[in-house]
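# Descriptive structure summary
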Amino acid sequence: MIKTKIQTIDLRGIQPTRAELLQRIPRPIVNIAVASEAAERLISEVRLEGESALKRHAELFDGVRDASIAVDASEITAAMNGLDPAVRAALDASIERVRAASTAQLPAPTTTSFGPGAQVHQRWQPVERVGLYVPGGKAPLASSVVMNVVPAQVAGVPSIALASPAQKEFGGRVHPTILAAAGLLGIDEVYAMGGASAIGALAYGVPSLGLLPVDVVTGPGNIYVAAAKRLVRGVVGIDSEAGTTEILVIADGAANPRFVAADLISQAEHDEAAASVLVTDSAEFAELVARELDELAAVTANSARVTEALGGQQSAIVLVDDMHAAARFSNAYGPEHLEIQTADNEAVLSLISTAGAIFLGPFSPVSLGDYLAGSNHVLPTGGQARFSSGLGAYTFLRPQQVVEYGEAALGDVAENVVALSGAEELPAHGEAVTVRFS
């Protein structure tokens, strides 16, 4: 029997439908209605009261009185000058790798020709202005500065604003490592504001701060940030409702149980509501991982947070009959991070259709992707990988079709245009063509 507090879900010997799998998937207890109600109130206050609401929210949620919302350029310079050289080197390496991988995402313009003088050009245009959110609560995610800013810069976005919560520990300022990362990337428009309030401020603007509304808001956060992004979608574009982190590991008896346990714990330390899930066809391996979880969780720095996350209803060890069943479960789950550590990783990968990012083999841990893999760590959570993707250069691009027909080319299709416009009882559509040949 598995002795750890992490629950076991036994799916062996049954053939659940997709609907039944969705019912068995471990998820956190999340009251999105309550979060949405709170987020809507905060956004409304920011829209009506602007800077004064942001200062009140900073005191209420961050314990910072009379916060200075707009960050002065001198603070960014000071943070860069005070940055640990080892951290700076790591950030520089991360920036270089994410920039290279993001550049590879840029789609090339194309032209489709239907004959002489009949062409449709496909081009990709960056949005004018973006607002990037960087969490700073339980962990100051300086790496998220890199993951948000670099793809926007690669896409060619001309105007970038960055928001991160005010930190009581640093006198109401944004965490210095976050400021330093922004400085390394040349970002000088930074605001000390967090949560749903920040999302609302970016979406609607704050005139007294000189904060202009943005076109797209991106970045990870807690349930209130996710709820706020849902509320402003339509006013602005968003990447996805990237909420509390999750990891799903598909592993068999060939995997190293200590590696798997360490990876589950690495994501559990983010938040008490973080989800860590192992799917395996080996009960013996499951037992070994459970023992490693007990041992490693007891000695890690964020032990209390990890233990609560592993013991929550969102985390589990799932027993299945084989790797096909493991893949079916994973595809239904739609994990933010999926690790595959099996005897035949490529075979299992071929069965996977849904995941935010996939980490293949024993030496591709999720924490590598969090920092230095070159991939982006802003990914869809809560099953949204079924219909959305991680952050990339494409997030900030809009495809546009440019139609270019000459007189002869239009004449070639004029009869068909008239026929279809008549069938739809929109004769003026056809007349807009025939008038050119009268």
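Below or above, wherever it landed, is the structure these notes cover.

Conventions used here
- Residues numbered from 1 in each chain as written.
- Predicted model: local features only at pLDDT ≥ 70, side-chain atom pairs only at ≥ 80, totals over all residues.
- Heavy atoms only, no water.
- 1 Å grid on protein atoms, 1.4 Å probe; cavity = no way out; pocket = protein on both sides within 12 Å on 5 of 7 lines; lining within 4 Å.
- Points joined across faces, edges and corners; volume = space filled by probe spheres on them.
- Helix = DSSP H or I, 4+ residues; strand = E, 2+ residues; numbered from the N terminus.
- Nonpolar A, V, L, I, M, F, W, Y, C, P; charged D, E, K, R; others polar.
- Domains from an automatic or database assignment.
- Phe/Tyr/Trp six-rings, centres within 6.5 Å; stacked < 30°, edge-to-face > 60°.
- Lys NZ or Arg CZ within 6 Å of the ring centre and 35° of its normal.
- Patch = residues over 30% accessible without salt bridge, like charges linked within 9 Å, V, L, I, M, F, W, Y side chains within 5 Å.
- Areas by Shrake-Rupley, 256 points an atom, 1.4 Å probe, with all protein chains shown as cover.
- Salt bridge = Lys/Arg side-chain N within 4 Å of Asp/Glu carboxyl O.
- Expected span 1.5 Å × (residues − 1).
- Buried < 20%, exposed > 50% of the residue type's maximum accessible area, 1.4 Å probe, protein only.
- Pairing = 2+ DSSP bridges.
- Axes fitted to C-alpha atoms, helices over the stretch in contact; angles between N-to-C directions.
- Contact = heavy atoms within 4.5 Å.
- Polar contact = N/O pair within 3.5 Å; in protein donor to acceptor, adjacent residues only side chain to side chain.

### Some details on the layout of surface pockets
It is a probe the size of a water molecule, rolled over the atoms, that shows where empty space is left. Roughly 1,200 Å³ of internal volume is contained in the largest pocket. Among the secondary structure elements, those contributing two or more residues to the lining of the largest pocket are helix H2 (32–49), helix H3 (51–62), helix H6 (142–155), helix H8 (195–204), helix H9 (223–232), helix H10 (257–268) and helix H15 (366–371). Of the residues in the lining of the largest pocket, the class split is 21 nonpolar, 21 polar and seven charged. Each of two domains, domain 1 (7–29 + 244–370) and domain 2 (32–242 + 393–397), supplies a minimum of three residues to the lining of the largest pocket.

### A look at the packing of aromatic side chains
A full pass over the atoms with the stated rule returns two aromatic pairs. Each ring, one from Phe259 and one from Phe363, has its centre 5.9 Å from the other, and the planes form 65°; the classification is edge-to-face. With Phe259 in helix H10 and Phe363 in the loop between strand S13 (357–360) and H15, this pair connects stretches of sequence that are 104 residues apart. In this structure, Arg27 is placed above the aromatic ring of Tyr333, and the distance from its NZ or CZ to the ring centre is 4.2 Å.

### Considering a nonpolar patch on the surface
There is a patch of nonpolar side chains on the surface, built from Phe114, Val403, Tyr405 and Val413 and spanning about 390 Å² of accessible area. Here Val413 shows up in helix H16 (residues 407–423).

### A word on H6
An ideal rise of 1.5 Å per residue puts 20 Å on 14 residues; H6 measures up with 21 Å between its terminal C-alpha atoms. Here H6 lies mainly inside the structure; 13 of its 14 residues are buried. A positive phi of about 95° marks Gly156, the residue just after H6.

### Observations concerning the pairing of strand S12 (residues 337–341)
Counting buried positions along S12 yields five of five residues, so the element is predominantly enclosed. Here S12 shows a buried face lined by His337, Glu339 and Gln341 and a second buried face lined by Leu338 and Ile340. Two strands pair when backbone bridges link them, and strand S9 (residues 246–251) and S12 are joined in this way by five bridges, in the parallel orientation. Paired with Leu248 across the bridge in S12 is Leu338. With four bridges joining them, S12 and S13 adopt parallel strand pairing. Looking at the pairing, Ile340 lines up with Leu360 of S13.

### Side note on the sheet that holds strand S7 (residues 216–218)
Within the open sheet, the five strands sit side by side as S6-S5-S4-S7-S8. Their pairing is parallel. Unpaired on one side and paired on the other, strand S6 (190–192) and strand S8 (237–238) mark the two borders of the sheet.

### Thoughts on the sheet that holds strand S14 (residues 397–405)
Taken in spatial order, the three strands line up as S2-S3-S14 in an open sheet, and their pairing is antiparallel. Each end of this open sheet is capped by a strand with a single partner; those strands are strand S2 (110–113) and S14. Here the strands of the sheet are splayed against their neighbours by 20° on average, with no regard to which way each runs. Across four bridges, the pairing between S2 and strand S3 (residues 118–126) is antiparallel. Counted as the bridge partner of Thr112 is Val120 from S3.

### Points about the side chain of Ser197
Tracing the chain through its elements places Ser197 in helix H8. Sequence-distant contacts of Ser197, defined by excluding residues within four places in its chain, comprise Leu42, Val46, Leu54 and His57.

### As for the environment of Tyr133
Along the chain, Tyr133 turns up in strand S4 (residues 129–133). Between the alpha carbons of Tyr133 and Val249 there is a distance of 28 Å; along the sequence they are 116 residues apart. Polar side-chain contacts of Tyr133 include one of 2.8 Å to the backbone nitrogen of Gly195.

Read these as geometric descriptors, not functional statements.
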